[in-house]
Amino acid sequence: MDKLNKRFPIYSKMIGLYPAGYRKEYGRQILQTTADMLDNSVSSGSKARIWLKVAVDLPLNIAKQQIQYSGVYMKDTPSYIKTTSVISGLLLLPFFIALAANGLDKAINNHTLYNSWLWRRPVLGLWVLYLPLTAFLLAGASYLLYLIRHRRTSWLKRVLDVKHSWPVIIPAVIALGILFIIAFHDSVQCWVQTPTHLVTHMQQAWRCSVNNQSLPAFRKLL
Amino acid sequence: MKRTMNLLPQVSFSILMALSLKPRHGYEIMQQVQDDSLGKIKLGPGSLYTAIKQLKEDDYIEEVPDSDIRRRYYRLSKKGWDRLNGELEYFDKTMKIARQRKVFEAFLGSDLTWIS
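Remember, predicted model here, so these are calculated numbers, not experimental data.

Participant: Which residues make up the overall build of chain A, and what values go with them?
Facilitator: When helices and strands are tallied, chain A shows 11 helices and zero strands. Written out in order from the N terminus, the α and β elements of chain A read α-α-α-α-α-α-α-α-α-α-α. Across the 222 residues of chain A, 39% fall into the buried class. Taking the contacts inside chain A whose residues are at least 6 apart along the sequence as the reference set, 63% of them involve residues at least 24 apart.

Participant: Report on the overall build of chain B, specifying residues and quantitative values.
Facilitator: Summing up its helical and strand segments, chain B has five helices and three strands in all. Overall, chain B shows an N-to-C arrangement of helices and strands of α-β-α-α-β-β-α-α. Within chain B, the fraction of its 116 residues that count as buried is 36%. Partitioning the contacts of chain B with sequence separation of at least 6, the portion at a separation of at least 24 is 48%.

Participant: Quick one: what's the story with the packing of helix H2 (residues 26-36) of chain B against helix H3 (residues 45-57) of chain B, residue by residue and with numbers?
Facilitator: Two packed helices can be described by the angle between their axes and the distance between those axes. Residue and element names in this part refer to chain B. Where H2 meets H3, the closest approach of the two axes is 11 Å, and the angle between their N-to-C directions is 100°. Overall, the two elements H2 and H3 adopt an arrangement that is roughly perpendicular. For the pair H2 and H3, the contacting residues are Gly26, Ile29 and Met30 in the first and Pro45, Leu48, Tyr49 and Ile52 in the second. Counted by class, the contact of H2 with H3 contains six nonpolar, one polar and no charged residues.

Participant: Describe the pairing of strand S3 (residues 73-76) of chain B, naming the residues involved and giving the relevant values.
Facilitator: For a regular strand, the rule is simple: side chains alternate between the two faces of the sheet. All names here are of chain B. In S3, alternate side chains face the same way, and those of Tyr74 and Leu76 are buried while those of Tyr73 and Arg75 on the opposite face are not. Taken together, the two bridges between strand S1 (residues 24-25) and S3 define a ladder with antiparallel strand orientation. Following the sheet pairing, Arg24 is matched in S3 by Tyr74. Where strand S2 (residues 61-63) and S3 come together, three bridges link them in antiparallel fashion. Following the sheet pairing, Glu63 is matched in S3 by Tyr74.

Participant: So what's going on with the nonpolar core? Residues and values would help.
Facilitator: Formed by 38 residues in total, the largest nonpolar core has its most connected members in Ile15(B), Ile29(B) and Ile52(B). Residue assignment for this core shows that the elements contributing at least two residues are helix H2 (9-15), helix H3 (20-39) and helix H4 (44-75) of chain A together with helix H1 (10-19), H2, H3 and S3 of chain B. Looking at which element gives the most residues to this core, the answer is H3(A), with seven residues. Beyond its immediate sequence surroundings of up to four residues, Ile29(B) is in contact with Ile15(B), Ala18(B), Leu19(B), Arg24(B), Leu48(B), Ile52(B) and Tyr74(B). Counting 18 residues, the second largest nonpolar core, distinct from the first, contains Tyr114(A), Leu129(A), Leu131(A) and Ile178(A).

Participant: Can you tell me about the interface of chain B and chain A, naming the residues and giving the values?
Facilitator: Listed by partner, the interface residues are 22 residues for chain B and 23 residues for chain A. For the pair chain B and chain A, the two sides together bury roughly 1,900 Å², of which 50% comes from carbon and sulfur. Of all residues in chain B, Tyr27(B), Tyr49(B) and Lys53(B) bury the most surface against chain A, accounting for 34% of the area lost on that side. Connecting chain B to chain A are three salt bridges. At the boundary of chain B and chain A, one finds 14 residue pairs in polar contact (both at pLDDT 80 or more). Every element with two or more residues in the side of chain B that touches chain A is listed here: H2 and H3 of chain B. Counting residues per element, the side of chain B that touches chain A draws most heavily on H3(B), which supplies 10 residues. Here the side of chain B that touches chain A is composed, by residue class, of eight nonpolar, seven polar and seven charged.

Participant: Summarise unusual backbone geometry; cite the residues concerned and give the values.
Facilitator: All names here are of chain B. Within the chain, Asp59 stands out as a residue other than glycine whose phi angle is a positive 65°. Topologically, Asp59 is positioned in the loop between H3 and S2. Overall, Asp59 belongs to the partly exposed group, its relative accessible area being 45%.

Participant: Go over the packing of aromatic side chains, please, and point to the residues and values.
Facilitator: Residue and element names in this part refer to chain A. Tallied over the full model, the rule gives 10 aromatic pairs over all chains. With centroids separated by 5.0 Å and ring planes inclined at 45°, the aromatic side chains of Tyr22 and Tyr26 adopt a geometry described as tilted. Residue Tyr22 and its partner Tyr26 are both found in helix H3; the two are separated by four residues, about one turn of the helix. No difference in accessibility class separates Tyr22 from Tyr26, as the two residues are buried.

Participant: Account for the pattern of salt bridges, with residues named and values stated.
Facilitator: Here the idea is simple: oppositely charged side chains can pair when their charged atoms come close. A full pass over the atoms with the stated rule returns 11 salt bridges over all chains. The salt bridge involving Arg7(A) is made with Asp39(A); its shortest N-O contact spans 2.8 Å. Here the residue Arg7(A) occupies a position in helix H1 (residues 2-7), and Asp39(A) occupies one in helix H3, the gap between them amounting to 32 residues. A salt bridge links Lys78(B) to Asp82(B); its shortest N-O distance comes to 2.9 Å.

Reading guide: rules and limits
- Residues numbered from 1 in each chain as written.
- Chains lettered and ligands numbered in written order.
- Predicted model: local features only at pLDDT ≥ 70, side-chain atom pairs only at ≥ 80, totals over all residues.
- Heavy atoms only, no water.
- Helix = DSSP H or I, 4+ residues; strand = E, 2+ residues; numbered from the N terminus.
- Buried < 20%, exposed > 50% of the residue type's maximum accessible area, 1.4 Å probe, protein only.
- Contact = heavy atoms within 4.5 Å.
- Axes fitted to C-alpha atoms, helices over the stretch in contact; angles between N-to-C directions.
- Parallel < 35°, antiparallel > 145°, perpendicular 65-115°, else oblique.
- Nonpolar A, V, L, I, M, F, W, Y, C, P; charged D, E, K, R; others polar.
- Pairing = 2+ DSSP bridges.
- Core = buried A, V, L, I, M, F, W, Y, C linked by side-chain atoms within 4.5 Å.
- Buried area = accessible area lost by both parts, 1.4 Å probe.
- Salt bridge = Lys/Arg side-chain N within 4 Å of Asp/Glu carboxyl O.
- Polar contact = N/O pair within 3.5 Å; in protein donor to acceptor, adjacent residues only side chain to side chain.
- Phe/Tyr/Trp six-rings, centres within 6.5 Å; stacked < 30°, edge-to-face > 60°.

If you want it as structure tokens, here you go:
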């Protein structure tokens, strides 16, 4: 590998972007084949054409292999994990769509959707609370099921080995984050009809909680 | 038994065809594929080994043991021969049907106005 690495220092670095397993199996051969192509080309024009071809061919195939190798993990992932991850993701979607719509409205019209039907109960409760909560419970239950079913290794190993469980861990964490933001958000705590002012209002939220205004606010939302 | 057969991608088929003559290493496969396709298929090294990897995973080709240290040689496996035969049989039948229907003559003699 040394000679080829020395001959093609940049190219061999680019081949390093392939997934490790693929690189180990085919990295040297890719370099060798390229060397053969260049050695058998006669003119500098044909050499340039070869490099042009490599420049187009290599990134496409690196991307293809990276996708395939990440897909290998998904191949062994239980189907209930895949299904619940998709459902949880879909349940979280309205939250982000509503925020994006509000952001766009602000950017384009210098206006907000706070007075629209999206920000009124029961629609507000649905995308801000019920859907993220359902997503969290669903993804969490799926993750727990995975931990219980795969008892071959210790609990700690199973928790740390996220190779198969990441599709449900990610939506669960996002859903929990949304619920956390909402729970500590000033608007929910004190109910001023603007529940997505993010955690920049933490101090105010804390004050509301200290003043014991959080429970009535949640009751309003529910 | 599987009743339907998904045809191989053109590059994979061409590689199997190239290896039907003798075991070859990467660059030789590339050249043979280019020759067989009359220059229409020009593989880059990345595409070549992506296809080789897939063919190896499907057990259609295998590495020749103790081949050159610098260049690995590949050959068709038993399954690969069967697959190549299956593909060629399909093409052969398709050609027969095309001849029966005189597709080529119709195509060459037509002014193709019906296409548009």
